[in-house]
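Residue-level listing of the chains:
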Amino acid sequence: MDPRVEKFMAGIMARNPGEREFHQAVHEVAESLIPFIEENPKYKHAKILERMAEPERVVLFRVPWIDDKGEIQINKGYRVEMNSAIGPYKGGIRFHPTVNLGILKFLAFEQVFKNSLTTLPMGGGKGGSDFDPKGKTDNEVMKFCQSFMTELSRHIGPETDIPAGDIGVGGREIGYMFGQYKRLRNEFTGVLTGKGREWGGSLIRPEATGYGCVYFAQAMLLTRGDSLAGKTVTVSGSGNVAQYATEKATELGARILTLSDSAGYIYDPAGIDPEKLKWIMELKNIKRGRISEYAEKFGVEYYQGKRPWSVKCDIALPCATENEISKEEAEALVNNGCFVVSEGANMPSTAEAVEVFLRRKILYGPGKAANAGGVAVSGLEMTQNAMRMSWHREEVDQKLQQIMKDIHETCIRFGRNEDGSVNYVKGSNIGGFVKVADAMLAQGAV
Ligand code: NDP
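Residues numbered from 1 in each chain as written. Predicted model: local features only at pLDDT ≥ 70, side-chain atom pairs only at ≥ 80, totals over all residues. Heavy atoms only, no water.

*Asks:* Please provide a residue-by-residue account of the sheet that holds strand S10 (residues 315-317), values included.
*Replies:* The sheet built from 7 strands is open, its strands ordered S9-S8-S7-S6-S10-S11-S12 with mixed pairing. Each having just a single partner strand, strand S9 (301-304) and strand S12 (363-365) make up the two edges of the open sheet. Pairs of neighbouring strands in the sheet enclose a mean axial angle of 15°, with direction left out of account. Two elements, strand S7 (residues 255-261) and strand S8 (residues 264-267), share 4 bridges in a ladder whose sense is antiparallel. Looking at S8, one finds that Thr258 is bridged to Tyr267. (Pairing = 2+ DSSP bridges. Helix = DSSP H or I, 4+ residues; strand = E, 2+ residues; numbered from the N terminus. Axes fitted to C-alpha atoms, helices over the stretch in contact; angles between N-to-C directions.)

*Asks:* Could you give an account of the site of the ligand, naming the residues involved and the relevant values?
*Replies:* For the ligand, the set of nearby residues contains 24 residues, the closest of which are Asp166, Thr209, Ser262, Arg290 and Asn346. Contact distances for the ligand include 2.9 Å between an oxygen atom and a backbone N or O atom of Ser238. In the model, an oxygen atom of the ligand is placed 3.4 Å from a nitrogen or oxygen of the Gly344 main chain. Where the shell around the ligand is concerned, the elements lending two or more residues are helix H8 (205-222), helix H9 (240-251) and S7. A breakdown of the residues in the shell around the ligand according to their chemical character gives 5 nonpolar, 13 polar and 6 charged. (Near = heavy atom within 4 Å. Polar contact = N/O pair within 3.5 Å; in protein donor to acceptor, adjacent residues only side chain to side chain. Nonpolar A, V, L, I, M, F, W, Y, C, P; charged D, E, K, R; others polar.)

*Asks:* Kindly report on the state of the cysteines, identifying the contributing residues and their values.
*Replies:* Tallied over the full model, the rule gives 0 disulfides. With no disulfide of its own, Cys319 lies closest to Cys213 among cysteine sulfurs, the gap being 4.8 Å. Taking the relative accessible area as the measure of exposure, Cys319 reaches 7% and is therefore buried. (Disulfide = S-S within 2.5 Å. Buried < 20%, exposed > 50% of the residue type's maximum accessible area, 1.4 Å probe, protein only.)

*Asks:* Describe the pattern of salt bridges, listing the residues and the values that go with them.
*Replies:* Any two side chains of opposite charge can pair, on the condition that their charged atoms come close. Scanning the model with the defined rule gives 26 salt bridges in all. The residue Lys231 makes a salt bridge to Asp226 at a minimum N-O spacing of 2.8 Å. Given a relative accessible area of 11%, Lys231 falls into the buried group. On the basis of relative accessibility, which here comes to 27%, the residue Asp226 falls in the partly exposed class. One network of salt bridges, with partners in common, ties together Arg94, Lys126, Asp166 and Glu322. (Salt bridge = Lys/Arg side-chain N within 4 Å of Asp/Glu carboxyl O.)

*Asks:* Pulling in residues and values, what's your account of the pairing of strand S1 (residues 57-66)?
*Replies:* Pairing of S1 with strand S2 (residues 72-83), which is carried by 10 bridges, proceeds in the antiparallel orientation. Looking across to S2, one finds that Val63 is bridged to Asn75. Turn length for the S1-S2 hairpin, with the two strands adjacent in sequence and antiparallel, is 5 residues, and the turn residue Gly70 shows positive phi of about 90°.

*Asks:* Tell me about the domain arrangement of the chain, and name the residues and values.
*Replies:* If you check the domain split of the chain, you get domain 1 (57-187) and domain 2 (208-365). Measuring from the centre of the C-alpha atoms in domain 1 to the corresponding centre in domain 2 gives 27 Å. Opposite the 10 residues of domain 1 that make contact, domain 2 presents 8 residues. It is Phe106, Lys134 and Arg172 in domain 1 that bury the most area against domain 2; as a group they hold 48% of the surface buried on that side. Summed over the shared surface of domain 1 and domain 2, the result is 1 salt bridge. Between Arg94 and Glu322 there is a salt bridge; the shortest N-O distance is 3.0 Å. Applying the counting criterion to the domain 1 and domain 2 interface returns 2 residue pairs in polar contact (both at pLDDT 80 or more). The leading source of residues in the side of domain 1 that touches domain 2 is helix H5 (residues 101-117), at 4 residues. (Domains from an automatic or database assignment. Contact = heavy atoms within 4.5 Å. Buried area = accessible area lost by both parts, 1.4 Å probe.)

*Asks:* Account for a negative patch on the surface, naming residues and giving values.
*Replies:* A contiguous patch of negative charge, built from Glu31, Glu328, Glu352 and Glu355, is present on the exposed surface. With respect to the helices and strands, Glu328 occurs in helix H12 (residues 327-335). (Patch = residues over 30% accessible without salt bridge, like charges linked within 9 Å, V, L, I, M, F, W, Y side chains within 5 Å. Areas by Shrake-Rupley, 256 points an atom, 1.4 Å probe, with all protein chains shown as cover. Lys, Arg positive; Asp, Glu negative; His and termini not counted. Charge placed at Lys NZ, Arg CZ, Asp CG, Glu CD.)

*Asks:* Describe the packing of aromatic side chains, with residues and values.
*Replies:* Summed over the entire model, instances satisfying the criterion amount to 23 aromatic pairs. An aromatic cluster of at least three residues, connected via ring pairs, comprises Phe61, Trp65, Phe95, Phe131, Phe144 and Phe148. The lysine or arginine in question, Lys276, covers the ring of Phe298, its NZ or CZ lying 5.8 Å from the ring centre. Positioned over the ring face of Phe298 is Lys297, at 5.9 Å from the centre of the ring. (Phe/Tyr/Trp six-rings, centres within 6.5 Å; stacked < 30°, edge-to-face > 60°. Lys NZ or Arg CZ within 6 Å of the ring centre and 35° of its normal.)

*Asks:* Account for helix H2 (residues 20-39), naming residues and giving values.
*Replies:* With 20 residues, H2 ought to run about 28 Å at 1.5 Å a step, and its terminal C-alpha atoms sit 29 Å apart, in line with that. The axis of H2 is deflected most strongly, by about 35°, at Leu33, and proline Pro35 appears within four residues downstream. Where burial is concerned, most of H2 is hidden: 14 out of the 20 residues are buried. (Expected span 1.5 Å × (residues − 1). Bend = angle between axes of the 7 residues up to and from the residue.)

*Asks:* Account for the side chain of Asn83, naming residues and giving values.
*Replies:* Relative to the helices and strands, Asn83 is located in strand S2. Its relative accessible area of 2% is what places Asn83 among the buried residues. Looking at Asn83, its side chain comes within polar contact range of the main-chain nitrogen of Ala85, at 2.9 Å.

*Asks:* So what's going on with the sheet that holds S2? Which residues, and what values?
*Replies:* As summarised here, the arrangement of the 5 strands in space is S1-S2-S4-S3-S5, forming an open sheet in which the pairing is mixed. Two strands close off the open sheet at either side, each with one partner strand: S1 and strand S5 (161-164). Ignoring which end each strand starts from, the neighbouring axes of this sheet average 20° apart. Strand direction decides the pairing type here: strand S3 (residues 89-95) and S5, joined by 4 bridges, are parallel. By the bridge assignment for S5, Gly91 is matched with Pro163. Taken strand by strand, H5 contacts S1, S2, S3 and strand S4 (124-129), and its axis lies near 150° from that of S4.

Shown next, in the form of structure tokens:
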């Protein structure tokens, strides 16, 4: 390891003990940025990277709520307000039993770079709870969301901090939280994004992360004069991002072979066509069932407790969660001919897996670039709310496509290797950094 990176990371680890995912995210960025900062000493003297690795504010709170049996339940609530140099804090809320401060700090840190890459004026943040919506009734989810927002509402606002969805937080949860915020404040305002169409939401927001991830894959393929047409694709997850990545990739002529959830994956060699996808959306979003039911319904194989990366494919779209591709799985993917990885999820590849992708020179689009479409359309939702108008579907989709192309261009500008290939990790890290760093320089030591 570069001794400068090693020294920097020793400081990070001492100040943030036990926060494994946060260390991983900062390390990846430090490896790209420290050589760049050495060449640009103004950033070094102002300790920009050191400041960016320290949240501006962290709010931690108790979330008490009463379940359907009348019993009191207690969860933890968090909001990490990471960086507001270029705009108000913006980033999702995650409800999942694995949520802890380290995971939210990693997500908030990545969000700062991602939001900067979108070209929109948004700072970075992330929040959530260890609440598990799985197996809860709608009434219990509503009770929890209301209690969570009762405290969170003191810290957010349309000019301050604008949360959105993430794992475990979709349209239903955003609705309950928006309702409670409105009731407490007596204000109808764009304080959350991912809202329903009829009450301030933007068309294409539900689709945006998955579509954007496929548009990014398309832009990477185009650098080799190639396209998605006729390609085989493995997708992990079966939630919001996975569903719309599947929809768009299929529309562009690819064949989706797999989907998964935390219990296992299904392999459908014939491809998950629009009819089957419609069935999955009903299963996951309304009935809240398991992906194994797909195997029973369509008579395909289900692999319990496994991830889909041993399946031969041209393109992999990891759309479930962090660290879901190990070094061995990355090697299996590339050895089986996979030459494009576009990350719908945040940090789905371990550091060792990323090394494999970079060493083997495949087209590897890291999450902070490839999944920025979601927050980009959230930014467009904020604009529409501020203007009190709503744009047509085609208009939002056009803007999303343009933003993904611009992010891809930025990655090329900062990530071109001497041999002409592109290191999208370096490109997205430096590309995301410069705008935030210059704003921080201008604003002084705050
Ligand atoms: P959803 O909750 O809609 O779906 C998550 C999917 O991933 C589910 O299929 C879930 O399975 C699976 N999953 C979650 N945790 C694990 C785990 N520990 N191991 C295996 N599978 C798991 O979330 P989203 O689709 O919104 O988010 C997916 C990823 O995309 C996350 O990394 C998120 O941070 C990222 N992302 C999301 C954005 C958005 O706009 N929603 C924006 C940018 C990034 P199960 O049902 O069994 O839990």
